[in-house]
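The primary structure of each chain is shown beneath.
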Amino acid sequence: MLNSVDAGRRLMLRAAVYPLAAVAVLALAFLLLAGPKSAIGAAASGLAVVAGGWIAARMALGGGVQAAGSAMMRLILAMLLKWVLVIAVFAIGLVWLKLPALPLFAGLAVGMMFQVLALARR
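Keep in mind it's a predicted model, so treat the numbers as computed, not measured. (Residues numbered from 1 in each chain as written. Predicted model: local features only at pLDDT ≥ 70, side-chain atom pairs only at ≥ 80, totals over all residues. Heavy atoms only, no water.)

**Quick word on the side chain of Ser-45**
Rules: By the criteria applied, helices consist of DSSP H or I runs no shorter than four residues and strands consist of E runs no shorter than two, each listed in order from the N terminus. Any N or O atom pair separated by 3.5 Å or less is treated as a polar contact, with the protein-specific requirement of one donor-capable and one acceptor-capable atom, and with residues adjacent in sequence counted only for side-chain atom pairs. We call two residues contacting when some pair of their heavy atoms lies within 4.5 Å.
Here Ser-45 shows up in helix 2 (residues 36-61). A polar contact is formed between the side chain of Ser-45 and the backbone oxygen of Ala-42, at a distance of 3.5 Å. Setting aside chain neighbours within four positions, we find Ser-45 in contact with Val-89, Pro-103, Leu-104, Gly-107 and Leu-108.

**Digging into a nonpolar patch on the surface**
This is how it is decided: To count toward a patch, a residue needs a relative accessible area over 30% and no salt bridge; like charges are then connected within 9 Å, while nonpolar side chains (Val, Leu, Ile, Met, Phe, Trp, Tyr) are connected within 5 Å. Accessible surface area values rest on a Shrake-Rupley calculation with a 1.4 Å probe, where residue burial reflects the displayed protein chains alone. Just to be clear on terms, a salt bridge is a Lys or Arg side-chain nitrogen sitting within 4 Å of an Asp or Glu carboxyl oxygen.
The grouping of Met-72, Met-73, Leu-75, Ile-76, Leu-77, Leu-80 and Val-84 at the surface amounts to a nonpolar patch, some 660 Å² of accessible area in total. You can see Val-84 is positioned in helix 3 (residues 68-96).

**Remarks on the environment of Gly-41**
The line we're drawing: A simple rule labels every residue: compare its accessible area, found with a 1.4 Å probe on the protein chains alone, to the largest value its type can have, and call it buried under 20%, exposed over 50%, or partly exposed in between.
Tracing the backbone shows Gly-41 in helix 2. The class of Gly-41 is buried, set by a relative accessible area of 0%. Through-space distance from the C-alpha of Gly-41 to that of Ala-27 is 8.0 Å; in sequence the pair is 14 residues apart. Setting aside its immediate chain neighbours within four residues, Gly-41 contacts Leu-99, Pro-103 and Leu-104.

**Quick notes on the layout of surface pockets**
Just so we agree on the cut-off: Within this scheme a cavity is a closed region of a 1 Å grid, computed over the protein atoms alone, that accommodates a 1.4 Å probe without allowing it to escape, whereas a pocket is open but has protein on both sides within 12 Å along at least five of seven lines; lining residues each have an atom within 4 Å of a point. Grid points are joined across faces, edges and corners, and a volume is the space filled by probe spheres set on the points.
Its boundaries defined by the atoms lining it, the largest pocket holds a volume of some 320 Å³. At the level of elements, helix 1 (4-34), helix 2, helix 3 and helix 4 (101-120) are the ones that each hand at least two residues to the lining of the largest pocket. It is helix 2 that contributes the most residues to the lining of the largest pocket, six residues altogether.

**A word on the side chain of Gln-115**
Within the secondary structure, Gln-115 is located in helix 4. Ignoring sequence-local partners within four residues, the contact set of Gln-115 consists of Ala-15, Pro-19, Val-49, Val-50, Gly-53 and Lys-82.

**Some words on the packing of helix 3 against helix 4**
This is how it is decided: Lines fitted to C-alpha atoms define the axes, with helix axes restricted to the stretch in contact, and inter-axis angles between N-to-C directions lie between 0 and 180 degrees. Our angle categories are set so that under 35 degrees counts as roughly parallel, over 145 as roughly antiparallel, 65 to 115 as roughly perpendicular, and the remainder as oblique. Two helices that cross are described as forming a left-handed crossing if the nearer one is turned anticlockwise from the farther one by less than a right angle, and a right-handed crossing if clockwise.
Two numbers describe how helix 3 lies on helix 4: the axes approach to 9 Å, and their chain directions differ by 160 degrees. With respect to helix 4, the axis of helix 3 lies roughly antiparallel. Judged by the sense of rotation from one axis to the other, the crossing of helix 3 with helix 4 is right-handed. Contacts between helix 3 and helix 4 involve Lys-82, Trp-83, Val-86, Phe-90, Gly-93 and Leu-94 on the former and, on the latter, Ala-101, Leu-104, Phe-105, Leu-108, Met-112 and Gln-115.

**Some points on the environment of Val-95**
Note on placement: Val-95 falls in helix 3. Look at Val-95 and you get exposed, because its relative accessible area is 56%. Each C-alpha atom of the pair Val-95 and Gly-46 lies 17 Å from the other, and the pair is 49 residues apart in sequence.

Structure (C-alpha cells):
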C-alpha cells in the first residue's frame, strides 16, 4: 500500500510527464509545419508551464504537516512563483527573442491543459 508521500510523488511526476510529452509533440509539429522559431516558442512556453508546475508542487507539498495558515501561504507563494516564471518566459520569448506569438500561446495552452488532465486522472 502506498503511503501519502509516495502518492504525492507519483502525482507530481504524472503532472510533469504528461504535459512534457504533449509539449514535445506540439513543438515537433510546429518544427515540421512552421519552422524552428515556432518550435522553440512552443517548447519554451510549454516547458515553463511544466517547470513552474513542478517547482510549485515541490514548494507547496514539500513542507510536511503544518498549520493551516502556513500551508495556505505555501500554496499561494508556490502558485505565484509558477505564474511569475511562466509570464517571464513568455515575455522574454515575445519581446526579447522575437518568437511568434501563436506558438507561445499554444505551448502555454497545451502545457496547462495536459497538466490539469494529468491531475484529474485517477
